[in-house]
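# Commentary on secondary and tertiary structure
Here are the chains, one letter per residue:
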Amino acid sequence: MRAFAYRLLGRREYSIAELVRRLEQKWPQAGDIGSLVESLVDENLLSDRRFAESFVRSRLQRSQGPLKIKAALRAKGVGDGDIAAALTADDGQWAELAAAWLQRQHAGALDYDDRKKYYRRLVSRGFTHEQAMEAINRL
């Protein structure tokens, strides 16, 4: 079981809840999963904070906003403190990210219907109202 966990962690970062879920799928009758996970945390091989930072970086490259990233991290079992720490590291760039995405999608001025359309698209990508409006007003 430890070798399987090492193999998984060698490929990418996992949250604690995600790794426990994978181990329980593979070995549903095993009772020592908790002790294995604790030892991996003690060895600094498993960390929710490190997972959250890696996850935020990957989602930033996809131009996703903070609300969508936060929901995905919660679904992966990461605690609110780790989520907040990972998202505040990139706090000032959300409007810039939204504006860059919008610039790639539509060059030039926006008419009223385009503004509505791209506002909805930005909000569905996880940006807040303020970030979406700032991005639209920059264009």
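Residues numbered from 1 in each chain as written. Predicted model: local features only at pLDDT ≥ 70, side-chain atom pairs only at ≥ 80, totals over all residues. Heavy atoms only, no water.

### Thoughts on the side chain of Glu-18
Mapped onto the secondary structure, Glu-18 falls in helix 2 (residues 16-26). On the basis of relative accessibility, which here comes to 7%, the residue Glu-18 falls in the buried class. There is a polar contact of 3.2 Å between the side chain of Glu-18 and the side chain of Lys-76. Not counting the four nearest positions on each side in its chain, Glu-18 is found in contact with Arg-12, Phe-51 and Lys-76. (Helix = DSSP H or I, 4+ residues; strand = E, 2+ residues; numbered from the N terminus. Buried < 20%, exposed > 50% of the residue type's maximum accessible area, 1.4 Å probe, protein only. Polar contact = N/O pair within 3.5 Å; in protein donor to acceptor, adjacent residues only side chain to side chain. Contact = heavy atoms within 4.5 Å.)

### Observations regarding unusual backbone geometry
The residue Asn-44 is not glycine, and still its phi comes out positive at about 65 degrees. Within the fold, Asn-44 resides in the loop between helix 3 (33-42) and helix 4 (48-61). Judged by its relative accessible area of 51%, Asn-44 is exposed. At Ser-63, a residue that is not glycine, the phi angle is positive and equals roughly 60 degrees. The residue Ser-63 is located in the loop between helix 4 and helix 5 (66-75) in this model. For Ser-63, a relative accessible area of 4% gives the class buried.

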